[in-house]
Amino acid sequence: MSDALMILPARDAERIRLVRIPPDLERHEAFRHVTGLIAGVEETRPDCRWEDIAAVLEDHGFEPVDFILGPVLD
């Protein structure tokens, strides 16, 4: 299991997501890959939800991770 994680930021704190990066991907490759996957889902389904995106990410080895949002750092 990979220890590399990627935060998918969002303006709305409730929509922030965290995914585990597949161990066979370099971090910069993972960023580009996720960007393309999300764009593909949003293009084909403009009304997509997180579950749609998560399913595609999981198909490509990215694992959604549960987390809690901590306090804001200044």
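Note that the coordinates shown come from a computational prediction; the quantities given were computed from them, not determined experimentally.

Chemist: Residue-level account of the layout of surface pockets, with values.
Modeler: Volume-wise, the largest pocket comes out at about 380 Å³. The wall of the largest pocket is formed by L8, P9, A10, R15, R17, I38, E42, C48, R49, W50 and I53. Looking at the lining of the largest pocket, the elements that each hand over two or more residues are helix 1 (27–44) and helix 2 (50–59). Counted by class, the lining of the largest pocket contains seven nonpolar, no polar and four charged residues. Roughly 160 Å³ of internal volume is contained in the second largest pocket. Considering the residues around the second largest pocket, the lining is formed by A13, E14, I16, R17, L18, W50, P64, V65, D66, F67 and L69. In terms of residue class, the lining of the second largest pocket is made up of eight nonpolar, no polar and three charged.

Chemist: Talk me through the pattern of salt bridges; I want residue IDs and the actual numbers.
Modeler: Two side chains of opposite charge can pair, provided their charged atoms sit close to one another. Here the structure, examined in full by the defined rule, presents three salt bridges. As a salt-bridge pair, D52 and R45 come within 3.6 Å of each other at their nearest N and O atoms. Note on R45: relative accessible area 35%, which makes it partly exposed.

Chemist: Give a description of the packing of helix 1 against helix 2 that names residues and reports values.
Modeler: A pair of packed helices is characterised by two quantities: the angle between their axes and the separation of those axes. Where helix 1 meets helix 2, the axes come as close as 10 Å, and the angle between the chain directions of the two elements is 135°. For the element pair helix 1 / helix 2, the angle class is oblique. In the packing of helix 1 onto helix 2, the handedness of the crossing is right-handed. Only D52, I53, V56 and L57 of helix 2 make contact with helix 1, whose side of the interface consists of V34, L37, I38, V41 and E42. Here the contact of helix 1 with helix 2 is composed, by residue class, of seven nonpolar, no polar and two charged.

Chemist: Explain helix 2 residue by residue, including any values.
Modeler: Buried residues of helix 2: I53, A54, V56 and L57, and no others. All buried residues of helix 2 lie within an arc of 165° about the axis, which places them on one face of the element. One or two residues past the end of helix 2 sits G61, with phi positive at roughly 95°.

Reading the values: rules and limits
- Residues numbered from 1 in each chain as written.
- Predicted model: local features only at pLDDT ≥ 70, side-chain atom pairs only at ≥ 80, totals over all residues.
- Heavy atoms only, no water.
- 1 Å grid on protein atoms, 1.4 Å probe; cavity = no way out; pocket = protein on both sides within 12 Å on 5 of 7 lines; lining within 4 Å.
- Points joined across faces, edges and corners; volume = space filled by probe spheres on them.
- Helix = DSSP H or I, 4+ residues; strand = E, 2+ residues; numbered from the N terminus.
- Nonpolar A, V, L, I, M, F, W, Y, C, P; charged D, E, K, R; others polar.
- Salt bridge = Lys/Arg side-chain N within 4 Å of Asp/Glu carboxyl O.
- Buried < 20%, exposed > 50% of the residue type's maximum accessible area, 1.4 Å probe, protein only.
- Axes fitted to C-alpha atoms, helices over the stretch in contact; angles between N-to-C directions.
- Parallel < 35°, antiparallel > 145°, perpendicular 65-115°, else oblique.
- Left-handed = near helix turned anticlockwise from the far one by under 90°.
- Contact = heavy atoms within 4.5 Å.
- Arc of directions from axis to C-beta.

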